[in-house]
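Each chain, letter by letter, is given below.
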Amino acid sequence: KILVCTFKEPDLNRVKDHFKQFQGGRVILTKDEDSGVAFICLDHPEKKNSFSGKMMVELNEIISELQGWKSGKGLILHSKGNVFCSGVFLDMAKNFLNDPEQAYWMSFLMQDSCRRFLSLPFISVALVQGKVRVFVGDV
């Protein structure tokens, strides 16, 4: 069975407003103007640093800020505590995956973030300490 997406491209601001309501954790940006190094911290240790909707929006907005950072040379992505996770937490994922439009919106938001993250004009690395969770897993 092939699933074909028939949704039109959503308005990014509307998507961000929708996902802000899914609270939990935060994404913190710290910039060192002298060295030109920025730090993005995924801070949601009670959920193994997995993303909430609010965190997805914060990451998107941080990337917008970094795109305009003239003295930036490097970026270190890290997490609080001993788990680095690049996915959403399961409770949220289950809700979104049961609604194709919300799943599409989540994908749209994260694809926008990833595309712009990859185009940042400086070196980016992930500092991983402890356990790593790279995807959501079974839903």
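Rules behind the numbers
Residues numbered from 1 in each chain as written. Predicted model: local features only at pLDDT ≥ 70, side-chain atom pairs only at ≥ 80, totals over all residues. Heavy atoms only, no water. Helix = DSSP H or I, 4+ residues; strand = E, 2+ residues; numbered from the N terminus. Expected span 1.5 Å × (residues − 1). Contact = heavy atoms within 4.5 Å. Polar contact = N/O pair within 3.5 Å; in protein donor to acceptor, adjacent residues only side chain to side chain. Core = buried A, V, L, I, M, F, W, Y, C linked by side-chain atoms within 4.5 Å. Buried < 20%, exposed > 50% of the residue type's maximum accessible area, 1.4 Å probe, protein only. Arc of directions from axis to C-beta. Phe/Tyr/Trp six-rings, centres within 6.5 Å; stacked < 30°, edge-to-face > 60°.

1. Some details on helix 4 (residues 100-118)
An α-helical segment advances 3.6 residues per turn. Residues three or four places apart therefore align on the same side. The end-to-end C-alpha distance of helix 4 is 26 Å, a good match for the 27 Å that 19 residues give at a rise of 1.5 Å each. Of the surrounding elements, those touching the buried residues of helix 4 are helix 1 (12-20), helix 2 (53-67) and helix 3 (90-97). N-capping of helix 4 is provided by Asp 99, with a side-chain oxygen placed 3.0 Å from the backbone N of Glu 101.

2. Details of the nonpolar core
Ranked by internal contacts, the top residues of the largest apolar core, which has 30 residues, are Phe 19, Val 27, Ile 40, Phe 51, Met 56 and Leu 66. For this core, the element with the most residues is helix 2, which contributes seven residues.

3. Thoughts on helix 3
Buried residues of helix 3: Met 92, Ala 93 and Phe 96, and no others. For helix 3, the angular spread of the buried residues around the axis is 100°, confining them to a single face. Looking at the buried positions of helix 3, the neighbouring elements they touch are helix 1, helix 2 and helix 4.

4. Concerning the packing of aromatic side chains
Counted by the stated rule, this structure contains three aromatic pairs. Measuring from ring centre to ring centre gives 6.1 Å for Phe 19 and Phe 22, while their planes differ by 50°; the resulting arrangement is tilted. Seen from their ring centres, Tyr 104 and Phe 108 are 6.5 Å apart, and the 40° between their planes marks the pair as tilted. Pair noted here: Tyr 104 and Phe 108 are both in helix 4, with a separation of four residues, about one helical turn.

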